[in-house]
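Survey of secondary and tertiary structure
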Amino acid sequence: MIYQSDRLGQIPPYLFAEINKKKAALIEKGVDVIDLGIGDPDLPTPPHIVGKLVEEMQDPVNFKYPNFIGCLEYRQAIADFYLRHYGVDLDPETEVLALIGSKEGIAHLIPTLIDPGDMVLIPDPSYPVYRMATLLANGQYFDMPLLKENNFEPDFSSIPPEVIERSKLMFLNYPGNPTSATVDIDFFKNAVAFSKQHGIPIAHDSAYNMVTYSDYTAPSILQVEGSKDVAVEFGSLSKTYNMTGWRIGYVVGNKEIIKALSVLKSNTDTGQFTPIQKAAAVALTSDQSCVKNHNRIYEERLAVVLEGLTSIGIQVEPPKGSFFVWAPVPEGFTSTGFVSHVLEKTGVIVTPGNAFGPSGEGYFRISLSVPNERLFEAIQRIKESI
Ligand SMILES: *Cc1c(COP(=O)(O)O)cnc(C)c1O
């Protein structure tokens, strides 16, 4: 007897499970493992945010069920952030919804908008939740290849008409995980035009909107005129403020989509703990120098990795956002072959590109989630192994 739905049976075996098994075995043997696989910041949440959580946790008013769509203080802080940072006006009552992390909202958006058999347009490679949540909703996904020669942007003109016909949603993600690609507003203008032409709403995942380098600022899709007719944008406190474990995010934009998602959510969860929302409001509205400091640290780490890779003969253009380096594997290796080789010979964990979709084959992803010395050490070990 298999106690599992057919839907769940479609989910392929977890690619990281094998790596985790090998990692555990190496640690058992006393190997000094350096994990560059996880996309989880090693830096702490800034103290003013933690302080607000502690303060709000003393107030019994906050122990009750939270407001379904999020407390007003948090929704207003998100609207204020959009106005201040992007010049985009949002109505906190209808165009902003609090999420228990953006992953939760992304996964729930899919059954909000698609019926069994419908298609979802998904960047390839990308965050695995888009495709897995589509399968769990009995939908089908269409991979839009992100190729280096196209700046890792999808080519809308190459999507077959019969796919467009059946598509009910398209995902985009810039700065991108895993590609670290960034775009300018013209790309979003084209995406919105495509979306309007075919009646396919867009969900833009902007998890790395504030993790950017030098003088690059990542645009919001909502800066495109008329985008609110077709687009929603997912945001997260996780990467910007080192709050991955707090589980707090949001979605903004098209009213009807947000309303529909809130109906689904109100029958599934009951929102995030109010003190976490209030602390997130403080994160968004207070002085942002902590964000600059985090980015400066990532930028230094990035320089260490890029210099190291160059010395191995792997050329990567410096990314302008995200905390990933997306690099081609050396000649003669597949993604999985290279990752296994590096893990067994050096104890360094990197992620195989094909874990993010078929077009990720030939690449590996390094996460800048350890200090400079460890990154340097990791690259030296890799250098000696090849
Ligand atoms: C980390 C990440 C998320 C999830 O963020 P949470 O708000 O912590 O759920 C979503 N999308 C991408 C591309 C990510 O890398």
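What you are looking at is a predicted structure, and each value in this text was computed from that prediction instead of being measured.

Judged by nonpolar contacts, the single largest core of 61 residues is most densely connected at Tyr-74, Tyr-82, Leu-121, Ile-159, Met-170, Leu-237 and Tyr-241. The leading source of residues in this core is helix α4 (residues 72-86), at seven residues. Of the residues that make up this core, three or more belong to each of domain 1 (6-44 + 289-385) and domain 2 (49-285). Of all hydrophobic cores here, the second largest spans 37 residues; its members include Phe-324, Val-339, Leu-375 and Ala-378.

Let's shift gears to the domain arrangement of the chain. Segmenting the chain into domains produces domain 1 (6-44 + 289-385) and domain 2 (49-285). Look at where the C-alpha atoms of domain 1 and domain 2 centre, and you get two points 25 Å apart. Listed as interface residues are 34 residues of domain 1 and, on the opposing side, 33 residues of domain 2. Across the interface of domain 1 and domain 2, roughly 2,900 Å² is buried in total on both sides, 60% from carbon and sulfur atoms. Run the count over domain 1 and domain 2 and you get zero salt bridges. Our count for the domain 1 to domain 2 interface comes out at 16 residue pairs in polar contact (both at pLDDT 80 or more). Looking at the side of domain 1 that touches domain 2, the elements that each hand over two or more residues are α1 (6-9), α11 (289-312), β9 (324-328) and β12 (363-367). Taken together, the residues of the side of domain 1 that touches domain 2 break down into 19 nonpolar, nine polar and six charged.

About the cut-offs
Residues numbered from 1 in each chain as written. Predicted model: local features only at pLDDT ≥ 70, side-chain atom pairs only at ≥ 80, totals over all residues. Heavy atoms only, no water. Core = buried A, V, L, I, M, F, W, Y, C linked by side-chain atoms within 4.5 Å. Buried < 20%, exposed > 50% of the residue type's maximum accessible area, 1.4 Å probe, protein only. Helix = DSSP H or I, 4+ residues; strand = E, 2+ residues; numbered from the N terminus. Domains from an automatic or database assignment. Contact = heavy atoms within 4.5 Å. Buried area = accessible area lost by both parts, 1.4 Å probe. Salt bridge = Lys/Arg side-chain N within 4 Å of Asp/Glu carboxyl O. Polar contact = N/O pair within 3.5 Å; in protein donor to acceptor, adjacent residues only side chain to side chain. Nonpolar A, V, L, I, M, F, W, Y, C, P; charged D, E, K, R; others polar.

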